[in-house]
Structure formats: C-alpha cells, structure tokens
Amino acid sequence: MTTYARKIDNVAVDVVTKDPATMFHPDIASQFIVVPNGTLNGATWANNAWTNPPTVVPPPPATTYLVVSPIEFKLLFTAPERVAIKNSVDPVVQDFFSIIDDPRLTKVELGLQSTQDALLYLVSKNLITAARRTQIMAGIPQ
C-alpha cells in the first residue's frame, strides 16, 4: 500500500492511501507526493524525514459522584454504623455529622473532598471499613 500526501509549508496534509488522481481534481492530485506508510496528517518534514504529530490522548472521563439528600446519605450506612457514629465522642466525627444534621443542608455531594476525607476519617477510627467506604461512595444503600 502506498501512502500519499500534499506537502504544504513542510506539513503533510490530505494523507491518503488511494491514488490521488482517483480522488481529487487533477490540479490538486498533481501536488501529492509519496510519503512513508504511517505518515499522518500534520506530520512535519525536517532533516529529510517526516515526523508525525504527537498522539493526542483524551483525558479520562470525569468521575461522577452521586448527590444525595442528608437522610439518603445516612441510609448509606448500616444501623450499627450509624449508632457507632452517633455515639462517637470524637470531635471530628461529631462536627461532620452535625453538618449532616443541619436542617439547612439539602444535599450531600459524595464527590466533595470534604465528604471523601470525612469517610476516610471514619475508616481511620474503625467506624466503617474501607470496603464500606467504597460502597458508600458508590451510593449503595444498606
């Protein structure tokens, strides 16, 4: 298979693998040259060699997290977990759950760093397991 391209300002454009004469007007087809197989549109010609442009890797899709009501958030925990959390005298645990209990709070965003940190803190205090944290982050009710 032969690869062809037009070289405009030392950049490969209109790279094709069919005879350009069968695809383009004769005035355009006459501008094509043979290039190495694998040459891509946007390749540059320098030092007697073609260099393909860098491969553009799309960013990974953004992770989406659930947004739940405060009561839905609490229902993500088992009854024994909720009781242990409620009975905790740890000020960080009390602070986080006082925010959850605040009547002005209308939603809990599981993707917020503060929510993720609070759940990690609950793991560090053995109030939930790491596996349960993952389930809670996924919004799997108990």
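Everything that follows concerns the structure shown earlier in this document.
Per chain, residues are indexed from 1 in the order of the written sequence. Per-residue local features are limited, in this predicted model, to residues with pLDDT of at least 70; the limit for side-chain atom pairs, both in listing and counting, is 80 or more; totals at the level of whole chains, interfaces and linings are taken over all residues. Hydrogens and water molecules were not included; the side-chain quantities draw on all heavy atoms of the structure.

1. Here we look at helix α4 (residues 91-101)
Accessibility here uses a 1.4 Å probe with only protein chains present; expressed as a share of the type maximum, an area under 20% marks a residue as buried, one over 50% as exposed, and anything in between as partly exposed. The helix and strand labels rest on DSSP assignments: H or I over at least four residues marks a helix, E over at least two residues marks a strand, and numbering proceeds from the N terminus. Turning to α4, its buried residues number three or more, namely Val-93, Phe-96, Phe-97 and Ile-100. For α4, the angular spread of buried residues about the axis comes to 90°, placing them on one side. Tucked inside the fold, the buried residues of α4 contact α2 (70-74), α3 (79-87), β7 (108-109) and α5 (113-124). The directions considered for the arc are those from the helix axis to the C-beta atoms. Contacts are residue-level and defined by heavy atoms, with any inter-residue pair within 4.5 Å sufficient.

2. Here's the deal with the pattern of salt bridges
What counts as a salt bridge is simple: a side-chain nitrogen of Lys or Arg found within 4 Å of a carboxyl oxygen of Asp or Glu. One pass over the full model with this rule turns up six salt bridges. Of the charged contacts in the structure, one is a salt bridge between Arg-6 and Asp-14, with a shortest N-O distance of 2.8 Å. Note on Arg-6: relative accessible area 14%, which makes it buried. On the basis of relative accessibility, which here comes to 29%, the residue Asp-14 falls in the partly exposed class. One salt bridge connects Glu-81 with Arg-132, and the closest N-O pair in it is separated by 2.8 Å. Here the residue Glu-81 occupies a position in helix α3, and Arg-132 occupies one in helix α6 (residues 130-137), the gap between them amounting to 51 residues. Of the two residues, Glu-81 and Arg-132, neither departs from the other in class, the shared state being buried.

3. Looking at unusual backbone geometry
At Asn-10, a position not held by glycine, the phi torsion is positive, near 65°. For Asn-10, the position within the fold is in the loop between β1 (3-8) and β2 (11-16). At Asn-48, a residue that is not glycine, the phi angle is positive and equals roughly 60°. Looking at where Asn-48 falls in the secondary structure, it is placed in the loop between β4 (44-46) and β5 (49-51).

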